[in-house]
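Overview (structure and organization)
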Amino acid sequence: MTKAELISAVAQKTELSKKDSEKAVSAVMDAITEALASGDKVALVGFGTFEVKTRAARDGINPRTKEKIMIPESKLPVFKAGKALKEEVSK
């Protein structure tokens, strides 16, 4: 499902216009993004949890030159599905 398809589905289920649905979907995504960027955890009960994990710095190898390189620490967003979502998907 693309963002446009999600907006259409929200518009149909809520009986809002597509323009209002787009604002709502964008606002939710922006709020989640801002919370993660500030280091907060976003828990949507029954759906899942969004959080930021830190990947430690590590040694790597450049496959082209076989030279050893240092890969710096990085942060990445992760999603853990909630129990209700897992049950619904497994049906």
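Structure shown above.
Description of the structure in this document. (Residues numbered from 1 in each chain as written. Predicted model: local features only at pLDDT ≥ 70, side-chain atom pairs only at ≥ 80, totals over all residues. Heavy atoms only, no water.)

This paragraph deals with the pairing of strand β2 (residues 48–55). Relative to β2, strand β1 (residues 42–44) runs antiparallel, the two sharing three bridges. Within β2, the residue paired with Ala43 across the bridge is Thr49. Here β2 runs beside strand β5 (residues 74–81); their pairing, made up of eight bridges, is antiparallel. Paired with Val52 across the two strands is Pro77, which belongs to β5. (Pairing = 2+ DSSP bridges. Helix = DSSP H or I, 4+ residues; strand = E, 2+ residues; numbered from the N terminus.)

What follows deals with the pattern of salt bridges. Per the counting criterion, the structure on display carries one salt bridge. Lys91 is the salt-bridge partner of Glu88, the closest N and O atoms lying 3.4 Å from each other. Like Glu88, the residue Lys91 is exposed in the burial classification. (Salt bridge = Lys/Arg side-chain N within 4 Å of Asp/Glu carboxyl O. Buried < 20%, exposed > 50% of the residue type's maximum accessible area, 1.4 Å probe, protein only.)

Between its first and last C-alpha atoms helix α1 (residues 3–14) spans 16 Å; for twelve residues at 1.5 Å apiece the expected length is 16 Å, and the two agree. Two residues or fewer after α1 comes Glu15, characterised by a positive phi angle close to 60°. (Expected span 1.5 Å × (residues − 1).)

Turning to unusual backbone geometry, a few remarks are in order. Its identity is not glycine, yet Glu15 carries a phi of approximately 60°, on the positive side. By the element assignment, Glu15 lies in the loop between α1 and α2 (18–37).

Before going further, it helps to examine the layout of surface pockets. Considering only enclosed or pocket space, the largest pocket measures out at about 210 Å³ in volume. Around the largest pocket sit Leu6, Ala24, Val25, Val28, Met29, Ile32, Leu44, Phe47 and Phe50, which together line it. Ranked by residues supplied to the lining of the largest pocket, first place goes to α2 with five residues. Classifying every residue of the lining of the largest pocket gives nine nonpolar, no polar and no charged. (1 Å grid on protein atoms, 1.4 Å probe; cavity = no way out; pocket = protein on both sides within 12 Å on 5 of 7 lines; lining within 4 Å. Points joined across faces, edges and corners; volume = space filled by probe spheres on them. Nonpolar A, V, L, I, M, F, W, Y, C, P; charged D, E, K, R; others polar.)

Let's shift gears to the environment of Asp40. Note that Asp40 resides in the loop between α2 and β1. For Asp40, a relative accessible area of 43% gives the class partly exposed. Side-chain polar atoms of Asp40 contact the side chain of Ser38, separated by 3.4 Å. (Polar contact = N/O pair within 3.5 Å; in protein donor to acceptor, adjacent residues only side chain to side chain.)

Keep in mind these values describe shape, not function.
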